[in-house]
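# Examination of the molecular architecture
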Amino acid sequence: MSGTNNEWRSAAVSTGTTIIAVRYDGGVVIGSDSRASMGGEYVSSRVINKVVQVHDKIFCCMSGSLADAQAVTNAVIHKLNFHSMQMGEPPLVQSAASVMRQFCYDHREELSAGFIVAGWDRKRGPQVFQVSLGGMVVEQEFTVGGSGSTYIYGYVDAKFKPGMTREQCLAFTTNALTLAMDRDNVSGGVVHLAVVTESGAERQLIPGNKLPVFHRI
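About the thresholds
- Residues numbered from 1 in each chain as written.
- Predicted model: local features only at pLDDT ≥ 70, side-chain atom pairs only at ≥ 80, totals over all residues.
- Heavy atoms only, no water.
- Axes fitted to C-alpha atoms, helices over the stretch in contact; angles between N-to-C directions.
- Helix = DSSP H or I, 4+ residues; strand = E, 2+ residues; numbered from the N terminus.
- Parallel < 35°, antiparallel > 145°, perpendicular 65-115°, else oblique.
- Left-handed = near helix turned anticlockwise from the far one by under 90°.
- Contact = heavy atoms within 4.5 Å.
- Nonpolar A, V, L, I, M, F, W, Y, C, P; charged D, E, K, R; others polar.
- Pairing = 2+ DSSP bridges.

With that out of the way, let us pick up the packing of helix α2 (residues 66-87) against helix α3 (residues 93-106). Where α2 meets α3, the closest approach of the two axes is 10 Å, and the angle between their N-to-C directions is 135°. By the angle between their directions, the pair α2 and α3 is classed as oblique. The two elements α2 and α3 cross, and the hand of that crossing is right-handed. Along its contact with α2, which presents V72, T73, A75, V76, K79 and L80, the element α3 presents A96, V99, M100 and F103. Tallied by class, the residues present in the contact of α2 with α3 amount to eight nonpolar, one polar and one charged.

Shown next as structure tokens:
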């Protein structure tokens, strides 16, 4: 038994998740699965909410090390709140992505976390940004991340269409997350979604028995 414990402690630990965001005319939809795992064998939690509100109309999704990602998002929330008080107005989505990028870059040797930042602001409306592990920011119409993303690139490339409606984006993200959760052993649980528009944010939770059913091999 002691030998097994030593092997487990010395083994490389990997984490998994699936995150996604898509922009439509008037808002964004951002979502994730809810499983937190270690090494693909030990599920530490089935109900983690990886869709984090960093300001009133700005959300992020976390991937990689949960502890690292939570530390970064907490720091970003604090900095955005301070920035908002200084400026007397809400922060821009791009500003939130830039703050997150700076944290990831400054601590790139210590952190293992990637993010999607999405939201709405008065200047540019709905926006979606991907913030990579090393601190690079890319704005996209839609983006996916996490270990489960490798299973759904074909689906999202085929199904995404510019000019989708809010309901089409909700179906697009829900279907993509469901397919990833079916194929990726370190993604799973329930689907957490947030819809962000000029009027505010709306959260949705879709339990496993309400997810769409696809063909399984």
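What the five strands build is an open sheet, ordered β5-β6-β7-β8-β9; its pairing is antiparallel. Since the sheet does not close on itself, it has two edges, and those belong to β5 (51-55) and β9 (137-139), each with one partner. Direction aside, the axes of adjacent strands within the sheet are offset by 25° on average. The pairing of strand β8 (residues 125-131) with β9 spans three bridges and is classified as antiparallel. Residue pairing for β9: V131 is matched across the bridge by V137. Contacts between α2 and the sheet are confined to β5, β6 (58-64) and β7 (113-121), with β5 contributing the most and set at about 25° to the helix. Running at roughly 165° to β7, α3 makes contact with β6, β7, β8 and β9 of the sheet.

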